[in-house]
Amino acid sequence: MAALRRETESQFPTAAKMLIPPEQAQLLRFLVHLVRAERVLELGTFTGYSALAMAMALPPTGRVVTCDREPAFAAVAEGFWQQAGLRSQIELRLGPALATLGALRQEGAVFDLAFLDADKVNIEAYYEQTLDLLRAGGLLAIDNVFLGGEVVRLQPERPGVTAMRRLHAQMRQDERVVTTVLPMADGIAMAWKS
């Protein structure tokens, strides 16, 4: 995990800020254990740090399905998954997240845990489609829900910020889930599907 962080910071110094912090990786491992996850979905692979953290907590028959659009990031991820001996437990799907979610629905996929760490402009669609893929009693974690504090400021009115504000309101009223927000890193929303 530490080597993957260093490699990401070296190869992608500007984008490296997208890495989740180590304490969040530990939280994801904990959540895998908590819900006894065997099937995990991740939107936003980046260089594979969070997928690796979750795969490390899975039973031998468990699987992480993760998706991203950027082949250069995926190449780093796959190398480190291989080094960790977990490549066979992580399925990478390259392409837009909404297309991947549609394909998973057509396949009849069901997940125990999902981690959304992709673009925020489409966060409402990701939430709805991912919730459909979660089993009852499954857990959905959404990263960066504070957006650096922008969700509580009146400005700026950027599409991702506006979408996140709408998602917060929607989750508070969504009777399908029980929700909370953890003030860790840039905020993590949790939704337990009843």
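A brief structural summary. (Residues numbered from 1 in each chain as written. Predicted model: local features only at pLDDT ≥ 70, side-chain atom pairs only at ≥ 80, totals over all residues. Heavy atoms only, no water.)

On to helix 4 (residues 71-83), then. For helix 4, with 13 residues, the first-to-last C-alpha span of 19 Å sits near the 18 Å given by 1.5 Å per residue. Those residues of helix 4 not exposed but buried are F73, A74, V76, A77, F80 and W81. For helix 4, the buried positions fall inside an angular range of 160° around the axis, keeping them on one side. Across helix 4 from its buried face, at more than 90 degrees, point the exposed residues A75, Q82 and Q83. The positive-phi residue at the C-terminal boundary of helix 4 is G85, with phi of around 75°. (Helix = DSSP H or I, 4+ residues; strand = E, 2+ residues; numbered from the N terminus. Expected span 1.5 Å × (residues − 1). Buried < 20%, exposed > 50% of the residue type's maximum accessible area, 1.4 Å probe, protein only. Arc of directions from axis to C-beta.)

Let us look at the side chain of Q89. Here Q89 lies in the loop between helix 4 and strand 3 (90-94). Accessibility expressed as a relative area gives 10% for Q89, which makes it buried. A polar side-chain atom of Q89 sits 2.9 Å from the main-chain carbonyl oxygen of P59. At 3.0 Å, the side chain of Q89 and the backbone oxygen of G62 are in polar contact. Aside from chain neighbours lying at most four places away, what touches Q89 is L58, P59, P60, G62, R63 and V64. (Polar contact = N/O pair within 3.5 Å; in protein donor to acceptor, adjacent residues only side chain to side chain. Contact = heavy atoms within 4.5 Å.)

This part covers the side chain of K193. If you trace the backbone, K193 turns up in strand 7 (residues 188-193). Within the buried core, K193 has no salt-bridge partner, and the shortest N-O distance to an opposite charge, that of D132, equals 5.5 Å. Here L131 takes part through its backbone oxygen, which lies 2.8 Å from a polar atom of the side chain of K193. One polar contact links the side chain of K193 to the main-chain carbonyl oxygen of L134, over a distance of 2.7 Å. Once residues lying within four places of it in the same chain are set aside, the contact partners of K193 are L131, D132, L134, R135, A136, G137, G138, R176 and V177. (Lys, Arg positive; Asp, Glu negative; His and termini not counted. Salt bridge = Lys/Arg side-chain N within 4 Å of Asp/Glu carboxyl O.)

Before going further, it helps to spend a moment on the pairing of strand 6 (residues 177-182). Relative to strand 7, strand 6 runs antiparallel, the two being bridged by 6 bridges. Bridge pairing in strand 7 places V181 opposite A189. Hairpin remark: strand 6 followed by strand 7, antiparallel, with 5 residues in the connecting loop; positive phi at A185, about 55°. (Pairing = 2+ DSSP bridges.)

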